[in-house]
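# An overview of the molecular structure
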Amino acid sequence: MLGRVPNRHIRMSGTTAPVIQMRRQSQRADDENAMTCTLTLTRPDDWHLHLRDGGMLDVVAPETAAHFGRALIMPNLVPPVVKGADAADYRDRILAAIPPGHDFTPLMTLYLTETTDAADLLAAAQSGLVTAVKLYPAGATTNSASGVRDIDRVVPVLEAMSEAGLPLCVHGEVTDPQVDIFDREAVFIERVLDPLRRRIPALRVVMEHVTTADGIAYVRDGGDNIAATLTTHHLFINRNHILAGGIRPHYYCLPVAKRESHRLALLEAAISGVSNVFLGTDSAPHLDSLKLAECGCAGIYTAPNTLACLAQIFEEQGALDRLDGFVARHGAVFYGVPVNSGTVTLEKCDAPQPVPSPRATPDGMLTVFDPGVPIYWRVADA
Ligand code: DOR
Ligand code: ZN
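Given the structure is predicted, the values throughout are model-derived calculations rather than measurements.

Thresholds, definitions, all that
- All residue numbers refer to position in the chain's written sequence, counted from 1.
- Naming scheme: in the order in which they are written, chains are lettered from A and ligands are numbered from 1.
- Local features in a predicted model are, by the rule used here, given only for residues with pLDDT of at least 70; side-chain atom pairs are given and counted only at 80 or more, and totals for whole chains, interfaces and linings are based on all residues.
- Processing note: side-chain calculations cover all non-hydrogen atoms of the structure and skip hydrogens and water entirely.
- Helix and strand definitions here come from DSSP, where helices need a minimum of 4 consecutive H or I residues and strands a minimum of 2 consecutive E residues; each element is numbered from the N-terminal end.
- Here the globule rule is a power law, 2.2 Å times the number of residues to the power 0.38, and the radius of gyration is based on C-alpha atoms.
- When accessible area is computed with a 1.4 Å probe and restricted to protein chains, residues below 20% of their type maximum are described as buried, those above 50% as exposed, and intermediate ones as partly exposed.
- The Shrake-Rupley method, run with a 1.4 Å probe, gives the accessible areas here. Residue values count only the displayed protein chains as cover.
- This count recognises Lys and Arg as positive and Asp and Glu as negative, with His and chain-terminal groups excluded.
- A charge is said to be at NZ when it belongs to Lys, at CZ for Arg, at CG for Asp and at CD for Glu.
- Water is not part of the atom set, so a site may look incomplete; the donors themselves are N, O and S atoms within 2.8 Å of the metal, or 3.2 Å for Na, K and Ca.
- Multiplying 1.5 Å by the helix residue count minus one yields the expected span of that helix.
- Residue contacts are defined here by distance: any two heavy atoms, one from each residue, within 4.5 Å place the two residues in contact.
- A molecule or strand has a residue near it when one of that residue's heavy atoms lies within 4 Å.
- By the criterion applied in these results, polar contacts are pairs of N or O atoms within 3.5 Å in which, for protein atoms, one can donate a hydrogen and the other can accept it, and in which residues neighboring in sequence qualify only through two side-chain atoms.
- Gly falls in the polar group here, along with every residue not listed as nonpolar (Ala, Val, Leu, Ile, Met, Phe, Trp, Tyr, Cys, Pro) or charged (Asp, Glu, Lys, Arg).
- Here an axis means a line fitted to C-alpha atoms, over the contact stretch when the element is a helix, while the angle between two N-to-C directions is reported on a 0 to 180 degree scale.
- Under this scheme an angle from 65 to 115 degrees is roughly perpendicular, one under 35 degrees roughly parallel, and one over 145 degrees roughly antiparallel; angles in between are oblique.
- Here a crossing is taken to be left-handed if its near helix is turned anticlockwise relative to the far helix by less than a right angle, and right-handed if that turn runs clockwise.

### Regarding the overall build of the chain
When helices and strands are counted, the chain shows 12 helices and 15 strands. Taking 382 residues into account, the globule formula puts the C-alpha radius of gyration at 21 Å, and the chain, at 20 Å, falls close to it. Here the C-alpha coordinates of the chain stretch approximately 70 × 50 × 40 Å along the principal axes. Out of the 382 residues belonging to the chain, those deemed buried represent 56%. When the accessible surface of the chain is split by element, carbon and sulfur atoms take 51% of a total near 15800 Å². Counting 33 positive and 44 negative side-chain charges, the chain places the centres of these two groups 4 Å from one another.

### Looking at the coordination of the zinc ion (ligand 2)
In this structure, His48 (NE2), His50 (NE2) and Asp282 (OD) serve as the protein donors to the zinc ion (ligand 2), at separations of 2.0 to 2.1 Å. All donors to the zinc ion (ligand 2) come from one chain, and their sequence spacing reads H-x1-H-x231-D. Taken together, the residues His48 in strand 4 (residues 45-49) and Asp282 in the loop between strand 11 (277-279) and helix 10 (288-291) connect sequence positions 234 residues apart. A relative accessible area of 1% places His48 in the buried class.

### Overview of helix 2 (residues 84-97)
It helps to recall that an α-helix has 3.6 residues per turn; residues three or four apart then point in one direction. Counted at 1.5 Å a residue, the expected span for helix 2 with its 14 residues is 20 Å, and the 20 Å between its end C-alpha atoms agrees. As for helix 2, its buried residues are in contact with helix 1 (54-65), strand 5 (70-73), strand 6 (105-111), helix 3 (118-126) and strand 7 (130-135).

### Describing the site of ligand 1
Among the 14 residues in the neighbourhood of ligand 1, the closest are listed as Arg52, Asn76, Thr141, Leu254 and His286. Here His50 contributes a side-chain N or O atom positioned 3.3 Å from an oxygen atom of ligand 1. In this structure, an oxygen atom belonging to ligand 1 sits 3.2 Å away from a side-chain N or O atom of His171. The protein chains hide 100% of the 290 Å² of surface that ligand 1 would expose on its own. Residue classes in the shell around ligand 1 are distributed as 4 nonpolar, 8 polar and 2 charged.

### Digging into the packing of helix 11 (residues 306-316) against helix 12 (residues 320-335)
Where helix 11 meets helix 12, the axes come as close as 8 Å, and the angle between the chain directions of the two elements is 140°. When the axis of helix 11 is compared with that of helix 12, the two are oblique. Crossing geometry of helix 11 relative to helix 12 is assigned as right-handed. Here Leu307, Leu310, Ala311, Phe314 and Glu315 of helix 11 come into contact with helix 12, specifically with Leu320, Arg322, Leu323, Phe326 and Val327. Here the contact of helix 11 with helix 12 is built from residues that sort into 8 nonpolar, no polar and 2 charged.

### Concerning the side chain of Lys134
Its location among the elements puts Lys134 in strand 7. Given the relative accessible area of 0%, Lys134 is considered buried. At 2.8 Å, the side chain of Lys134 forms a polar contact with the side chain of Glu208. Excluding residues within four positions of it along the chain, Lys134 makes contact with His48, Met74, Pro75, Leu110, Tyr111, Leu112, Cys169, Val170, His171 and Glu208.

### Structural notes on the environment of Ser144
As for its position among the elements, Ser144 is in the loop between strand 7 and helix 4 (155-164). C-alpha of Ser144 to C-alpha of Ala360: the two residues are 216 residues apart in sequence and 27 Å apart in space. Those residues in contact with Ser144, other than ones at most four positions away along the chain, are Tyr111, Tyr136, Pro137, Ala138 and Gly139. There is a polar contact of 3.0 Å between the side chain of Ser144 and the backbone nitrogen of Ala140.

### Thoughts on the environment of Val274
Checked against the element boundaries, Val274 lands in the loop between helix 9 (260-271) and strand 11. For Val274, a relative accessible area of 26% corresponds to the partly exposed category. When the C-alpha atoms of Val274 and Gly299 are compared, they prove to be 27 Å apart, with 25 residues separating the residues in sequence. The contacts of Val274, once residues within four sequence positions are left out, are Arg220 and His330.

Here it is as C-alpha cells:
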C-alpha cells in the first residue's frame, strides 16, 4: 500500500536518467491520506498495437499518442499492410490522426504472406520505414486470412530477415482444429517456433502476447534472440473472467486468456525485471456492435488505461521500481532503438478511478477495458 512506499528517487543501475520518482505532496505532513503520490516514468513504448484505419484510427491513435512515445503498429488491416509502399501510406494516415503537440512515432510492420517479396521487405527495413515483420498463421485471429499456411514457404524470407537483423513478431498459435484453443500456444512452440528457431538460430523473434507459463519458460530459456511481449489484460484476467457467471465478450481476445496459474506466471515475468520481457498491449479496438454479436470479434481496447492498470498491479506486487523497465526500456534495447527521452507522470488518487467511458466513433461505440479491480492510478495531465 501507499503508506508503505517511502519517499524515494530510484535509479536503475547502468542508467543516468531518473527512473521513478515517488513524491508525496501534502498540506498536512501528519495526514497520510491527504498525500498525493506521483510516479514519473520514462516515456513508454507499446510494442504491439492495433490502430485500424479511417474513423476508428482517428479516435484511438490520439489515445496512445497521449501516453506513449512509440508503438509498433500491427499490419492486419483489410487488405493487409504487405508492401513497403502500403506501410508508408499507412504511416502517413496514422501521423495525420495524431493531434499536434504529441511526441509520438509509429513504428511500422509488414504482414508476412507466402508471396512476400523479400527485396521489397528488405528495402523497407533498410530505409528505416519498417521495424519488424509480423507472422500470422492463416486463420489464427482477426484479419489473418492472408497469413502463412506453410512455414516452409517463407523460410527464404526469414533467412534474409535473419541476415538483416530484422525481427519477426509472431502470433504464436496453431490453427489446427484438432488442437484445443487453450493449448494452441504451447503446441505452436513445439510444432512451429522451436523447429524454426533451430533452423534459423540467428533470427530475432518476438513471441507476442504470451499467455502461458509454457511461453514464458520458452522465452526465458531462449537466449538473446528471443523476447516476449505481455499485454495488460492478460495480467488481470484469466479464463474464468470470460466464462464464469455469464459470458463477457469484452474479455475475449486471442490468444484467449488461460487459467489462473498461467496469469500468475505472466505477472511474475512482468515484474521480474527480466530484460527480454516487455509491454505490447495488443490494444485491439472493435466496435461494441461487433463484439456483442453472435460471433463476436477478438480484441480488447486497453490503450487509454493501460499505464494506470500497470501501475496498480506493479504496486500491489511491490514492483513499482520494475515498471519503467517493462514499459520503457527492455523493448527499446531489444529492438535496438534509443530509450525515449521524455517522461510520463502518473498520480495515485485517494479513491478508485472510474473505468474510462465508452468512446464514440463515427461507426458506433467502443468499450474500454475494465480490469475488474479498483485502479487508484491515473496519468496526470501534461
Ligand atoms: O484479440 C486479438 N485481436 N488478437 C489478435 O491477435 C488480433 C487482434 C485484432 O486485430 O483485433
Ligand atoms: Zn494483436
